[in-house]
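# Structural description and commentary
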Amino acid sequence: MRELCRRCLRPAALCLCATLPVARARTRVVILQHPREARLAICTAWLTRLALEDCELHRGVRFEDHPRVREVVADPGAALLFPGEGAIPAAARAGDPPRLLVAVDGTWHQARKMVEASPSLAALPRISVVPDRPGGYAGLRREPEPEYLSTLEAVALALGALERDPARFEPMREAFRRMVAQQLECARGARRNPRHRGGGGA
């Protein structure tokens with residue numbers, strides 16, 4: 001079994017901790033993660049939690065009865081990072097940033113279902129981001145549209161716009177791109193290794 005870094009949960013040889021400084025943001029981020037996302041090798045919610053001071057992560061599908069999430073969504077300073085009708089670009093909220101920013105982590109299908117299953121969550125004011133480049137999965141994971149982003153990228157862009165300081169949160173995106181590059185290289189290595197090729201029997 002490969003040795004794992006106890007902090008970033010990556011294989012020790014691929015640890016990202018040394019190049020992922022912890023950033024402080026005025027807006028506290030609360031991530032709601034679909035349980036299936038936690039099992040994936042590319043888990044940007046966990047990386048986001050590590051990269052931000054005081055970031056929270058809660059797992060589930062329905063959150064109406066979750067004590068802490070109910071407390072968060074009841075805060076008048078809370079907002080939901082999610083596109084859609086009525087969503088306000090993060091840059092437009094820079095003068096009045098939310099105290100709490102809820103991000104939903106999952107596939108787009110999962111994320112929509114999670115929001116629909118929690119009416120109090122769906123009722124929050126919405127904030128959106130405008131990508132400055134295509135999402136960073138680079139073919140590792142298929143997204144519905146090129147401009148769709150990982151949770152980490154969306155949170156970093158939102159905080160950068162809200163605080164008018166994108167450079168402070170850019171190391172998060174750089175760490176994500178490194179992680180994707182590592183996964184792609186590992187996948188290419190597996191395809192080159194004859195032991196990973198399918199066979200017709202021994």
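Figured I'd write up the structure that's included with this text. (Residues numbered from 1 in each chain as written. Predicted model: local features only at pLDDT ≥ 70, side-chain atom pairs only at ≥ 80, totals over all residues. Heavy atoms only, no water.)

## Some remarks on the overall build of the protein
Going by this rule: Numbered from the N terminus, helices here are DSSP runs of H or I no shorter than four residues, and strands are runs of E no shorter than two. Think of it in three bands: residues with accessible area under 20% of the maximum for their type are buried, residues over 50% are exposed, and the middle band is partly exposed, with areas taken using a 1.4 Å probe on protein chains only. Any two residues whose heavy atoms approach within 4.5 Å at even a single point are treated as in contact. All accessible-area figures derive from a Shrake-Rupley calculation using a 1.4 Å probe, and residue coverage is judged against the displayed protein chains alone.
The helix and strand inventory of the protein stands at six helices and six strands. Reading the secondary structure of the protein in the N-to-C direction produces β-α-β-α-β-β-β-α-α-β-α-α. Across the 202 residues that make up the protein, the buried fraction comes to 46%. For the protein, the share of sequence-separated contacts (at least 6 apart) that also reach a separation of at least 24 residues comes to 72%. When the accessible surface of the protein is split by element, carbon and sulfur atoms take 52% of a total near 11,100 Å².

## Considerations on the sheet that holds strand β5 (residues 100-105)
Our working definition: A pair of strands is considered paired only if DSSP assigns at least 2 bridges between the two.
Spatially, six strands are ordered β2-β1-β5-β3-β6-β4 in an open sheet, and the strand pairing comes out parallel. Here the strands that pair on one side only, and so sit at the sheet edges, are β2 (56-59) and β4 (88-89). Relative to β5, strand β1 (residues 28-33) runs parallel, the two sharing six bridges. Within β5, the residue paired with V30 across the bridge is V102.

## Quick look at unusual backbone geometry
One non-glycine residue, D54, lies in the positive phi region at around 65 degrees. Note on D54: relative accessible area 47%, which makes it partly exposed. A positive phi angle, near 55 degrees, is found at R164, a position not held by glycine. Structurally, R164 is set in the loop between α5 (151-162) and α6 (166-192).

## Topic: the nonpolar core
For clarity, the cut-off: Residue types Ala, Val, Leu, Ile, Met, Phe, Trp, Tyr and Cys, when buried and joined through side-chain atoms within 4.5 Å, form a set referred to as a nonpolar core.
Ranked by internal contacts, the top residues of the largest apolar core, which has 37 residues, are L52, L81, V155, F169 and M172. At the level of secondary structure, the elements contributing two or more residues to this core comprise β1, α1 (44-51), β3 (78-81), β5, α5 and α6. The leading source of residues in this core is α5, at eight residues. Contact partners of L81, with chain neighbours within four places excluded, come to L101, V102, A103, I127, S128, V129, A154, V155 and A158. If you look at the next biggest cluster of nonpolar residues, it comprises 17 residues, including V30, F63, A111 and V115.

## What to know about helix α2 (residues 67-74)
Under the convention used in this document: Think of the arc as the fan of directions from the helix axis to the C-beta atoms.
Along α2, the residues that are buried comprise V69, V72 and V73. Taken down its axis, α2 places every buried residue within 90 degrees of arc, on the same side. Turned more than 90 degrees away from the buried face of α2, the exposed residues are P67, E71 and A74. Those residues of α2 that are buried are in contact with β1, β2, β3, β5 and α4 (119-122).

## A short note on the pattern of salt bridges
Side chains bearing opposite charge may pair, as long as their charged atoms lie close to each other. Worth spelling out the cut-off: For this document, the term salt bridge refers to a Lys or Arg side-chain nitrogen within 4 Å of an Asp or Glu carboxyl oxygen.
Under the counting rule described, the total for this entry stands at nine salt bridges. Residue E56 is joined to R68 by a salt bridge in which the shortest nitrogen-to-oxygen separation is 2.6 Å. With E56 in strand β2 and R68 in helix α2, this residue pair connects regions lying twelve residues apart in the sequence. For R168, the salt bridge is made with E163, and the minimal N-O distance between the two is 2.2 Å. Residues joined by salt bridges that share partners form a network here, namely R28, E56, R68 and E71.

## What about the packing of aromatic side chains?
Keep this limit in mind: To pair, rings of Phe, Tyr and Trp, with the six-membered ring standing in for Trp, must have centres within 6.5 Å; the planes then decide the type, stacked if under 30 degrees apart, edge-to-face if over 60, and tilted in the middle.
Taken as a whole, this structure holds one aromatic pair when the rule is applied. Ring geometry for F82 against W108: centres 6.1 Å apart, planes inclined by 55 degrees, an arrangement best described as tilted. Within this pair, whereas F82 is found in the loop between β3 and β4, its partner W108 is found in helix α3 (residues 108-116), the two being separated by 26 residues in sequence. A single burial state applies to F82 and to W108, both of which are buried.

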